[in-house]
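# Observations on the model geometry
So you can see what is in the structure, the chains are spelled out below.
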Amino acid sequence: MSNKTSKLFYLLLVLLPFSVLAQEEDESKWEVNGYLKNLQSASLIQVPNFITGQSELVILSNNLIHNRLNFSRSLGSKMVFKSSLRNRFLYGDLDTPERMLEQFEGGNDFFDLSLEGSQTNWAAQTILDRFYLDIYLGDWEMSIGRQRINWGISTFWNSNDIFNAFNFTDFDYEERPGSDAFLLRKYIGFTSSIEFAIAAADDIKKLKAGFLYKFNLKNYDYQLLAGITENHLSLGGGWSGAIKKIGFKGEFNTFNDLSTSSEPFTGSFSMEFDYINKNALYFGFGVLYNSLGQTDTNILNLLDFDISARNLYPFKYTVFYSMNQSFNPIFSGGISFLYSPGPVHATFLSPNFNLSIAQNWDLAFFGQIVFDRQEKYSSPVQGFFLRLKYSF
């Protein structure tokens, strides 16, 4: 699909609601919100010196200016148009244009709706991150365009999220990736619905499409999934409920390669518990089984991992623990800990703190520390991030 054709597609999409608007007396106005963030990062990397045989500490510093503009407008009583523009400017110690632009890769968008450029030590990108139309007709809903189709349930890993699998280590992208897709939803009663979604693809082997059935039974929400995910038959489901005051949810999905009968089923399963006490202290605990994961891969693979619904984490078995405390209305902090048993004992540690310094202004600190047995339990890479955010 050429760039010209893709932009023509979205031009027609945006003209559709305005043509309807011209036929109705609609006094609605544009709603605009967003944020401006400045993220300063420092990466501490142990680099081997082949002359001395010792490792040397290298510190790389980068700065990311991140702006997001969200637009929406009601078009009568049955349609809403939504769009989001994402602007990023990165500069620092990644010393080639190619490496700078690599920081902007990701997402599942099919049409090219971005502008980017780079020189030594800097890169910039502007992209239409969302661009879609919602239509409401009684018990029916329809969405077309670049949108987020959120079929996941769990907090850390979403094997049901076949359209927009996300990497939880990317803490600076709260909105998560979107897809150029069509979504149709039918509500069945008060607590049940059935959904069909299909994402744009130029090759049948890249096609993503599926049906999702949601229902409630004995105070638990359930869902069943059947679809096609990049030439794999996908069958899965999930649940969400509580055991007394402890939240209990999970997901599973299986994938069968349609091009060969010799490859066995692959899949993943996650389960988690969470609890918030009267002092606003949050606890989360869970496990992940990923059949495509490894038990002896280096922990550094986590930092350069191509995530998908079929492969959510580099390791086969993982246990995670998360804790967060609101100390007062303006200050909170927490920590996440992930451990993958096996020969390398891969471990990921991430502390965080958040301070509301004024109305619409937030200051946050994040850390990401990895270590494993291959590195003699010392951390070969440590990342520290300081973020100032203004919301409007």
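Going by the structure above, here's the rest.
Scope of this entry: the structure provided in the associated data block. (Residues numbered from 1 in each chain as written. Predicted model: local features only at pLDDT ≥ 70, side-chain atom pairs only at ≥ 80, totals over all residues. Heavy atoms only, no water.)

## Looking at the overall build of the protein
As a reminder, the rule being used: Only DSSP runs of H or I reaching four residues or more are called helices, and only runs of E reaching two or more are called strands; each is numbered from the N terminus. Each residue is placed in one exposure class: buried if its accessible area under a 1.4 Å probe, protein chains only, is under 20% of its type's maximum, exposed if it is over 50%, and partly exposed if it falls in between. By definition, residues are in contact when any of their heavy atoms lie within 4.5 Å. Here the accessible surface of atoms and residues is derived via Shrake-Rupley with a 1.4 Å probe, and residues count as covered only by protein chains that are part of the display.
Helices and strands together make up the secondary structure of the protein, namely two helices and 19 strands. Across the 392 residues in the protein, those meeting the buried criterion constitute 44%. Residue pairs in contact within the protein that sit at least 24 positions apart in sequence constitute 52% of those at least 6 positions apart. Accessible surface, the protein: about 20600 Å² in total, of which carbon and sulfur atoms supply 59%.

## Here we look at a negative patch on the surface
Keep this limit in mind: Note that patches include only residues with greater than 30% relative accessible area and no salt bridge, and the join distances are 9 Å for like charges and 5 Å for nonpolar side chains (Val, Leu, Ile, Met, Phe, Trp, Tyr). Every case where a carboxyl oxygen of Asp or Glu lies within 4 Å of a side-chain nitrogen of Lys or Arg is listed as a salt bridge. Under the counting rule used here, the positive set is Lys and Arg, the negative set is Asp and Glu, and His together with the chain ends is not counted. For charged residues, the charge sits on one atom: NZ in Lys, CZ in Arg, CG in Asp, CD in Glu.
A cluster of acidic side chains, namely E98, E102, D304 and D306, defines a negative patch on the protein surface. Mapping E102 onto the fold places it in helix α2 (residues 97–102). For E102, a relative accessible area of 45% gives the class partly exposed.

## Considerations on the environment of F265
With respect to the helices, strands and loops of the structure, F265 is situated in the loop between β12 (246–257) and β13 (266–276). Along the chain, F265 and H232 lie 33 residues apart, while their C-alpha atoms are 9.6 Å from each other. Ignoring any residue separated from it by four or fewer positions in sequence, one finds F265 in contact with T254, F255 and N256.

## With respect to the pairing of β12
Worth spelling out the cut-off: Two strands pair under a simple rule: DSSP has to find at least two bridges between them.
Within β12, nine of the 12 residues are buried, leaving the element largely enclosed by the surrounding structure. Strand direction decides the pairing type here: strand β11 (residues 232–243) and β12, joined by 12 bridges, are antiparallel. Across the sheet, W239 pairs through a bridge with G250, a residue of β12. Remark: two residues form the turn of the hairpin made by β11 and β12, two consecutive strands paired antiparallel; K244 in that turn has positive phi of roughly 60°. By the bridge criterion, nine bridges tie β12 to β13 in an arrangement that is antiparallel. By the bridge assignment for β13, F252 is matched with F269.

## Topic: the packing of aromatic side chains
To keep things clear, this is the line we draw: Only centres within 6.5 Å qualify two rings of Phe, Tyr or Trp (six-membered ring in Trp) as a pair; their planes then separate them into stacked at under 30 degrees, edge-to-face at over 60, and tilted for everything else. Two conditions define a charge located above a ring, namely a distance within 6 Å from the ring centre to NZ of Lys or CZ of Arg, and an angle within 35 degrees of the ring normal.
A complete count under the given rule lists 27 aromatic pairs for this structure. Plain terms: the ring middles of F156 and F320 are 4.0 Å apart, the flat faces sit at 25° to each other, and that makes the pair stacked. One end of the pair, F156, is in the loop between β6 (140–147) and β7 (179–188); the other, F320, is in strand β15 (residues 317–328), with 164 residues separating them in the sequence. Look at F156 and you get buried, because its relative accessible area is 10%. Overall, F320 belongs to the buried group, its relative accessible area being 3%. Positioned above the aromatic ring of Y173, the side-chain terminus of R86 is 3.8 Å from the ring centre. The ring of Y35 carries the charged tip of K389 above its face, separated from the ring centre by 4.7 Å.

## Notes on the pairing of strand β4 (residues 114–119)
Two elements, β4 and strand β5 (residues 122–137), share six bridges in a ladder whose sense is antiparallel. Each bridged residue has a counterpart across the sheet, and for G117 the counterpart in β5 is A124. Taking the residues between adjacent antiparallel strands as the criterion, β4 and β5 are bridged by two residues, where N121 takes a positive phi near 80°.

## Focus: the pattern of salt bridges
Opposite charge on two side chains makes pairing possible when the charged atoms of those side chains draw close. Taken as a whole, this structure holds 15 salt bridges when the rule is applied. Note that D172 and K37 form a salt bridge whose closest N and O atoms lie 3.0 Å from each other. Here D172, found in the loop between β6 and β7, pairs with K37, found in strand β1 (residues 31–48); they are 135 residues apart in sequence, far enough to count as distant. The same class applies to D172 and to K37, which are both buried. With its nearest N and O atoms 2.8 Å apart, the salt bridge here joins R146 to D180. With R146 in strand β6 and D180 in strand β7, this residue pair connects regions lying 34 residues apart in the sequence. A residue is classified by how much of its surface remains accessible, and R146, at 2% relative accessible area, is buried. Judged by its relative accessible area of 3%, D180 falls in the buried class.

## What to know about unusual backbone geometry
The phi torsion at N231 lies on the positive side, around 70°, for a residue other than glycine. Topologically, N231 is positioned in the loop between β10 (220–229) and β11. A relative accessible area of 16% means that N231 is categorised as buried. The phi dihedral of N360 is positive, around 75°, even though this residue is not glycine. Within the element layout of this structure, N360 appears in the loop between β17 (346–358) and β18 (361–371). A relative accessible area of 39% means that N360 is categorised as partly exposed.

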